[in-house]
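The residues making up each chain are set out below.
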Amino acid sequence: MKHQPGELIDRYEVICSLGEGAYAETYKAKDTASGETVVLKMPNPNLFADPGLFQRYRREADIARQLDHPGVQRGVDSGAHRTQQYLVLEYIDGDNLRRMLPRDASLVAVATAVDWGRQLADALAYLHHHGIVHRDLKPENVLVTTAGHLKIADFGTAMLEGARRLTWKHLSDSLGTPDYMSPEQAQGERGDARSDVYAWGVMMLSLIHI
């Protein structure tokens, strides 16, 4: 179901659509109680018909509530009653890293690339310390604020270490984006924190050519 600008979803007033993915639609919205600008991530209704997909959505919601780091998009959970399922996330004024890059990524200044790498490494260290593995780190899932700060976003394929394995007919164990997937992920294994480090390395290699 598409939501229109001005529509109220509980306490949130839709401002505009931000995009649509395979499993969810995202909207920029205003919290009418606090005045804060937020992102609403609305799951595709088909998600609720598949127990496995729904459990993955629940896991993403659980992870979002744990995040509190300047290099990670935060979950904003007011605890208020909701008439439907959706995630409320921090709104980040900026764009994703892919769209910020010049056509030739090697044209990025070395100092800039090093700063980006440091910011991402710091955010990954935070996630891994809390037992969270992203598993789909790529430029599209890194948001760049207008001030030049990077934030890791989209935890739809993330996992909590120690959580039971989720399998279902619509999604294989080979999670991630091929260009950034670690060898073990490409072979259908679950992956761990080292998979994120591998993806980080691929991103840095594309920016810094020695």
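Scope of this entry: the structure provided in the associated data block. Bear in mind that the values here come from a model prediction, so they are computed numbers and not experimental data. (Residues numbered from 1 in each chain as written. Predicted model: local features only at pLDDT ≥ 70, side-chain atom pairs only at ≥ 80, totals over all residues. Heavy atoms only, no water.)

### Observations concerning the sheet that holds strand E3 (residues 24-31)
Threshold: Whether two strands pair comes down to DSSP finding at least two bridges between them. We count a stretch as a helix when DSSP gives it H or I for four or more residues in a row; a strand needs E for two or more, and each element gets its number in order from the N terminus.
The five strands lie next to each other as E1-E2-E3-E4-E5, forming an open sheet whose pairing is antiparallel. Strand pairing shows two members of the sheet lacking a second neighbour, strand E1 (8-9) and strand E5 (87-90), which therefore form its edges.

### Some thoughts on the pattern of salt bridges
To keep things clear, this is the line we draw: Every case where a carboxyl oxygen of Asp or Glu lies within 4 Å of a side-chain nitrogen of Lys or Arg is listed as a salt bridge. Only protein chains enter the area calculation, which uses a 1.4 Å probe; residues under 20% of their type maximum are buried, those over 50% are exposed, and those in between are partly exposed.
Across all of its chains, the model carries 13 salt bridges by this definition. Residue Asp62 is joined to Arg65 by a salt bridge in which the shortest nitrogen-to-oxygen separation is 2.5 Å. Of this pair, Asp62 and Arg65 both sit in helix H1 (residues 51-66), three residues apart, which is roughly one turn of the helix. A relative accessible area of 33% places Asp62 in the partly exposed class.

### So, the packing of aromatic side chains
Convention followed: A pair of aromatic rings is counted whenever rings of Phe, Tyr or Trp (Trp by its six-membered ring) have centres within 6.5 Å, and the orientation is called stacked for planes under 30 degrees apart, edge-to-face for over 60 and tilted otherwise.
Applying the stated criterion across every chain yields a total of one aromatic pair. Ring plane angle 90° and centroid distance 6.1 Å describe the contact between Tyr12 and Tyr86, whose orientation is recorded as edge-to-face. Taken as a pair, Tyr12 in strand E2 (residues 12-20) and Tyr86 in the loop between H1 and E5 lie far apart in primary sequence, 74 residues in all.

### A look at the environment of Thr37
So the rule is basically this: Residue contacts follow a heavy-atom distance rule, with two residues in contact if any of their heavy atoms lie within 4.5 Å.
Inspection of the secondary structure puts Thr37 in strand E4 (residues 37-43). On the basis of relative accessible area, Thr37 is assigned to the partly exposed category, the value being 30%. As a C-alpha pair, Thr37 and Val14 span 23 residues in sequence and 9.9 Å in three-dimensional space. When sequence neighbours within four positions are dropped, the list of residues in contact with Thr37 reads Lys28, Ala29 and Tyr91.

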